[in-house]
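Coordinates in review
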Amino acid sequence: MAEEAETPGRTFFNLNLPVHITGRDAQKNPEFVKLLSSLSLKLTDTGASKSLQKDVDQAKEHMRREKTAWLQASALYHELEELLLDYNVRKQETEVPAAEAQFYEAVQECLTTAEICEYLECSPDGRKDVTLLGLTRQQLQQSNPHRKNLKSLQKKLVPLVEERLKKKCTEVFSFHESSSEVSTDQDELLFAKASQLPLVLEREKLDLQEKKRQLLQDRAARDRQFWQYYQILLQTLESLERIVKRHRLKSQLENNNIISKYLTERFDAMALKIKVVEAQILCDTYTEDTVAALKQIRRHLDSTEYDIDYTQCVQKLKDYRSVGMGFDELVQEYGQLQKAIENKQWAVAELQKIK
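Residues numbered from 1 in each chain as written. Predicted model: local features only at pLDDT ≥ 70, side-chain atom pairs only at ≥ 80, totals over all residues. Heavy atoms only, no water.

**Quick notes on the confidence of the model for the protein chain**
With 79% of its residues at a pLDDT of at least 70, the protein chain reaches an overall mean of 78. Of all helices and strands in the protein chain, the one with the weakest mean pLDDT is helix α8 (residues 180–184) (50), whereas helix α4 (residues 50–93) scores best (88). Throughout residues 1–8 the model reports pLDDT below 50, and contacts reaching past four residues in sequence, or to other chains, amount to 14 contacts. (pLDDT = per-residue confidence, 0-100. Helix = DSSP H or I, 4+ residues; strand = E, 2+ residues; numbered from the N terminus. Contact = heavy atoms within 4.5 Å.)

In C-alpha cells form, the structure reads like this:
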C-alpha cells in the first residue's frame with residue numbers, strides 16, 4: 001500500500017484527463033507525468049482539445065437558441081391549430097355567433113397564408129431566388145384579404161392563446177409537483193409557480209448531471225480501487241509462491257528421504273514375512289513322514305531296471321556316434337525302406353481281400 005501513496009499531480013491527472021495512473025506508475029515514469037502535465041493544458045477531461053471544446057460549446061449554445069426559437073414558434077403554431085380545431089368541433093355541435101365565426105375564419109386564412117409562405121423556398125441548394133411557382137412572400141401577404149386587420153386580430157387572438165398556454169402550463173406544473181398544496185393555490189399564484197418551471201427543470205437537470213458525474217467518478221474510483229487490490233493480490237500471490245518454493249520445497253527433500261526409508265524398511269519387513277510364510281509352507285508340506293517316504297521312493301528308483309535301461313541306451317548312443325555321419329544316413333535309408341515294405345505289404349493284403 002505504500003507504493004500506492006499519493007503522488008503530486010496524480011489525482012489532478014486522473015480527474016482532468018481520461019487516464020488513470022497510480023502512484024507507482026508516476027514514480028517509475030516521470031517523463032510520462034511531464035507529458036500528461038503538458039497535455040492537461042490542451043485537453044479536457046473527455047480527451048478533446050480545449051479550442052475544439054470551445055467551438056463545440058459555442059455551436060451548442062447557438063443551436064440551443066435556435067432550437068428555443070423554433071420550439072416557441074412551433075408551440076404557438078400547434079396552439080393555433082388546436083384553437084381552430086376546437087372552434088370547428090364547437091361549430092358542429094352548437095351555433096356560433098357570426099362575429100366569432102368571422103374572427104376564426106380570418107385566423108384560419110392568415111394561418112394558411114403563413115403556412116404557404118413557409119413552403120415557398122423549395123430550392124435544393126438553398127437559393128432564395130427560386131420559389132414555388134415563382135411566388136414571393138410579398139405577393140402572398142398582399143393577397144391576404146385580412147392584412148389590414150392583422151393588429152385587431154392579434155389583439156383579440158393573443159389573450160385567447162395566452163389563456164390556453166397558461167392552462168397547459170399550470171397542468172404541467174401540477175403534474176410535475178403532484179402534491180396537495182398545488183390544488184389549494186390560487187390561479188395567479190399557481191401560474192407564477194408554473195412560470196418558474198423551466199428554471200426548476202433546469203436546476204433538476206443540473207442536479208441529475210452532477211449526480212451522474214459523481215456516479216461516474218465513484219465508478220472510476222471503484223475501478224481504481226479494484227485494480228489496486230488486484231495488483232496487491234498478485235503481489236501477495238507472488239510472495240506466497242516464493243515462500244512456498246523457498247521453505248516448503250526445501251523441507252520436501254527431507255520428507256522424501258524419510259518416506260523412502262520408511263518404504264524401504266517396510267519392503268524389507270514384507271520380504272522377511274514372505275520368507276517366513278515360504279518356510280512355513282515347506283514345513284507344512286514336507287513333514288517327517290513325507291520326507292521318509294520320498295527317500296524310500298528314491299532308493300527304489302535307484303535300484304530298479306530303469307537305471308539299467310538308461311545305461312544301455314546311453315551306451316548305444318555312444319556307439320552310434322562313434323560310427324560317424326555315414327551311419328546316420330544308412331539308418332535313415334533303412335527306415336525309409338522299412339516304411340516302403342510296410343506300405344507294399346498293406347497293398348498286397350488289400351488286393352487279397354478284393355479277390
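**Some thoughts on the packing of aromatic side chains**
Any two aromatic rings considered together are summarised by their centre-to-centre distance and by the angle between their planes. Scanning all chains against the criterion turns up 5 aromatic pairs. On the basis of an interplanar angle of 70 degrees and a centroid distance of 5.2 Å, the ring pair of F103 and Y104 is categorised as edge-to-face. Considered together, F103 and Y104 belong to a single accessibility category, that of buried residues. Among the aromatic residues, ring-to-ring pairing joins Y87, F103 and Y104 into one connected group. (Phe/Tyr/Trp six-rings, centres within 6.5 Å; stacked < 30°, edge-to-face > 60°. Buried < 20%, exposed > 50% of the residue type's maximum accessible area, 1.4 Å probe, protein only.)

**Some thoughts on helix α5 (residues 98–118)**
In this model α5 runs 31 Å from its N-terminal to its C-terminal C-alpha over 21 residues, within 8% of the 30 Å that 1.5 Å per residue would give. Taken together, the buried positions of α5 are A101, F103, Y104, A106, V107, C110, L111, T113 and C117. Tucked into the core, α5 has its buried residues touching α4, α6 (137–142) and α7 (150–177). (Expected span 1.5 Å × (residues − 1).)

**Examining the environment of T113**
With respect to the element layout, T113 can be found in helix α5. For T113, a relative accessible area of 16% puts it in the buried group. Apart from residues lying up to four places away in sequence, T113 is in contact with L140 and N144. At 2.9 Å, the side chain of T113 and the backbone oxygen of E109 are in polar contact. (Polar contact = N/O pair within 3.5 Å; in protein donor to acceptor, adjacent residues only side chain to side chain.)

**Remarks on the packing of α4 against α7**
Any two packed helices are characterised by how steeply their axes cross, that is the angle between the axes, and by the distance between the axes. Contact geometry for α4 and α7: axes closest at 11 Å, N-to-C directions at 100 degrees. Judged by the angle between their axes, α4 and α7 are roughly perpendicular. On α7, the residues touching L76, E79, L80, E82, L83 and D86 of α4 are L157, V161, R164, L165 and K168. Here the contact of α4 with α7 is composed, by residue class, of 6 nonpolar, no polar and 5 charged. (Axes fitted to C-alpha atoms, helices over the stretch in contact; angles between N-to-C directions. Parallel < 35°, antiparallel > 145°, perpendicular 65-115°, else oblique. Nonpolar A, V, L, I, M, F, W, Y, C, P; charged D, E, K, R; others polar.)

**Quick look at helix α3 (residues 30–40)**
Among the residues of α3, V33, L36 and S40 are the ones counted as buried. The buried residues of α3 all sit within an arc of 60 degrees when viewed along its axis, so they share a single face. In α3, the exposed positions angled more than 90 degrees off the buried face are occupied by E31 and K34. (Arc of directions from axis to C-beta.)

**Quick notes on the layout of surface pockets**
What the largest pocket holds in volume is close to 940 Å³. Residue lining of the largest pocket: 29 residues in total, with Y77, L80, C110, L111 and A114 positioned closest to the centre. Those elements that provide at least two residues to the lining of the largest pocket are α4, α5, α6 and α7. Tallying contributions element by element places α5 first for the lining of the largest pocket, with 9 residues. Of the residues in the lining of the largest pocket, the class split is 18 nonpolar, 6 polar and 5 charged. Taken as a whole, the second largest pocket spans an internal volume of roughly 590 Å³. (1 Å grid on protein atoms, 1.4 Å probe; cavity = no way out; pocket = protein on both sides within 12 Å on 5 of 7 lines; lining within 4 Å. Points joined across faces, edges and corners; volume = space filled by probe spheres on them.)

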